[in-house]
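# Descriptive structure summary
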Amino acid sequence: MRSIKQRLQWAEDRGVQFSEEKTIEKPRKSPRTSAIELQKVRSLVRAAEKSIAQGKIEEAERFFIQALTIHPHAYDVQAQLAKLYLTSDRESKAEALYRELLQDRDDVSFHANLGLAYYRQEKYVEACHAYQEALNRDPQTPERSAALGRACIAAKRFEEAAPLLEKASVRLSRDTVILHLLAECYLQLGYTEKAEETYRRINKLEPYDEEVKAKLLSLARV
């Protein structure tokens, strides 16, 4: 399993009395006020994007949060903030935000990114579920199969991982990372012939990989 790990890299209180609820109508914003607020949100988002380009991650986070304070249901801003969390190693925050986003928007990228947030936290079963939802919505993209296959390996679901990685390797035939995962998956299942065949495919793509040569030599002795 060592080599696999190397390659596998989200009140109840008593005695409370409630007053009778009254419907309070919120004052409607004028078109001018809404336009001003929208302009402020756009300005804050541009500032956040500039901060990201400069590597000022905490500053970018503050700008995004300010934008959401003005417009709490700006899903595109929420998505940008969630991505910022995911790319700055704050997977638990990314997980929480993607789960919130998915309550209102059934977006394939949100499912995929939630899967990645789970995966990085070593919540592999949850990652499998999220990646499966992404694959269900986008079955023709081989990267979806590959991501789910990788999560299945991490969750030790080798029987489920093999066909997913096989499917991905047909379209991504030169992706040796996928081929390595597939070969190691076959070894875990005891499919030595398939493993040897897969290592030969890798050897053709990377003829100077000594690890692959050693694997082929070992399998030839079986």
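Before reading on, note that the structure itself is shown above.
Given the structure is predicted, the values throughout are model-derived calculations rather than measurements. (Residues numbered from 1 in each chain as written. Predicted model: local features only at pLDDT ≥ 70, side-chain atom pairs only at ≥ 80, totals over all residues. Heavy atoms only, no water.)

Helices and strands together make up the secondary structure of the protein, namely 12 helices and zero strands. Put simply, the protein runs from its N terminus to its C terminus through helices and strands in the order α-α-α-α-α-α-α-α-α-α-α-α. For the protein, the accessible surface area stands at approximately 14,400 Å², while carbon and sulfur atoms represent 48% of it. (Helix = DSSP H or I, 4+ residues; strand = E, 2+ residues; numbered from the N terminus. Areas by Shrake-Rupley, 256 points an atom, 1.4 Å probe, with all protein chains shown as cover.)

Contact geometry of helix α9 (residues 158-171) with helix α10 (residues 176-189) gives a least axis separation of 9 Å together with a crossing angle of 150°. When the axes of α9 and α10 are compared, the crossing they make is left-handed. Taken together, the residues of α10 that come into contact with α9 (itself represented by Phe158, Glu159, Ala161, Ala162, Leu165, Glu166, Ala168 and Ser169) are Ile178, Leu179, Leu181, Leu182, Cys185, Tyr186, Gln188 and Leu189. Here the residues of the contact of α9 with α10 are counted per class, giving 12 nonpolar, two polar and two charged. (Axes fitted to C-alpha atoms, helices over the stretch in contact; angles between N-to-C directions. Left-handed = near helix turned anticlockwise from the far one by under 90°. Contact = heavy atoms within 4.5 Å. Nonpolar A, V, L, I, M, F, W, Y, C, P; charged D, E, K, R; others polar.)

Our focus in this paragraph is unusual backbone geometry. Of note in the backbone geometry, Asp89 takes a positive phi value of approximately 60° without being a glycine. Residue placement: Asp89 occurs in the loop between α4 (75-87) and α5 (91-102). Classification of Asp89 by relative accessible area gives exposed; the value is 60%. One non-glycine residue with positive phi stands out, namely Lys156, at about 65°. Within the secondary structure, Lys156 is located in the loop between α8 (142-154) and α9. (Buried < 20%, exposed > 50% of the residue type's maximum accessible area, 1.4 Å probe, protein only.)

Let us now look at helix α6 (residues 108-120). Over its 13 residues, α6 extends 19 Å from the first C-alpha to the last, a length consistent with the 18 Å expected when each residue adds 1.5 Å. Among all positions in α6, only Phe110, His111, Ala112, Leu114, Gly115, Leu116, Ala117, Tyr118 and Tyr119 are buried. Contacts from the buried residues of α6 go to α4, α5, α7 (124-137) and α8. Immediately beyond the C-terminal end of α6, within one or two residues, lies Glu122, with a positive phi of roughly 65°. (Expected span 1.5 Å × (residues − 1).)

Attention shifts here to α7. Here α7 spans 20 Å end to end across 14 residues, near enough to the 20 Å set by a 1.5 Å rise per residue. Turning to α7, its buried residues are Ala127, Cys128, Ala130, Tyr131, Ala134 and Leu135. Structurally, α7 contributes buried residues whose contacts are with α6, α8 and α9.

Moving on: the packing of α7 against α8. Running from N to C, α7 and α8 point in directions that differ by 160°, and their axes come no closer than 9 Å. The angle between α7 and α8 falls in the class roughly antiparallel. For the pair α7 and α8, the sense of crossing is left-handed. Contacts between α7 and α8 involve Tyr124, Ala127, Cys128, Tyr131, Gln132, Ala134 and Leu135 from the former and Arg144, Ser145, Ala147, Leu148, Arg150, Ala151, Cys152 and Ala154 from the latter. In terms of residue class, the contact of α7 with α8 is built from 11 nonpolar, two polar and two charged. (Parallel < 35°, antiparallel > 145°, perpendicular 65-115°, else oblique.)

For the rest of this paragraph, the subject is the nonpolar core. Across soluble globular proteins, nonpolar side chains have a tendency to be buried as a group. Counting residues in each nonpolar core, the largest one holds 59 residues, and the members touching the most others are Val77, Tyr98 and Tyr131. Per element, the largest residue contribution to this core is eight residues, and it comes from α4. In this structure Val77 touches Val41, Val45, Phe64, Ala67 and Leu68, once residues within four positions along its chain are discounted. (Core = buried A, V, L, I, M, F, W, Y, C linked by side-chain atoms within 4.5 Å.)

Applying the stated criterion to the full structure yields 11 salt bridges. Between Arg137 and Glu133 there is a salt bridge; the shortest N-O distance is 2.7 Å. On the criterion of helical spacing, the pair formed by Arg137 and Glu133 is a turn pair, its members being four residues apart in helix α7. Linked by salt bridges that have partners in common, Glu61, Arg90 and Lys93 make up one network. (Salt bridge = Lys/Arg side-chain N within 4 Å of Asp/Glu carboxyl O.)

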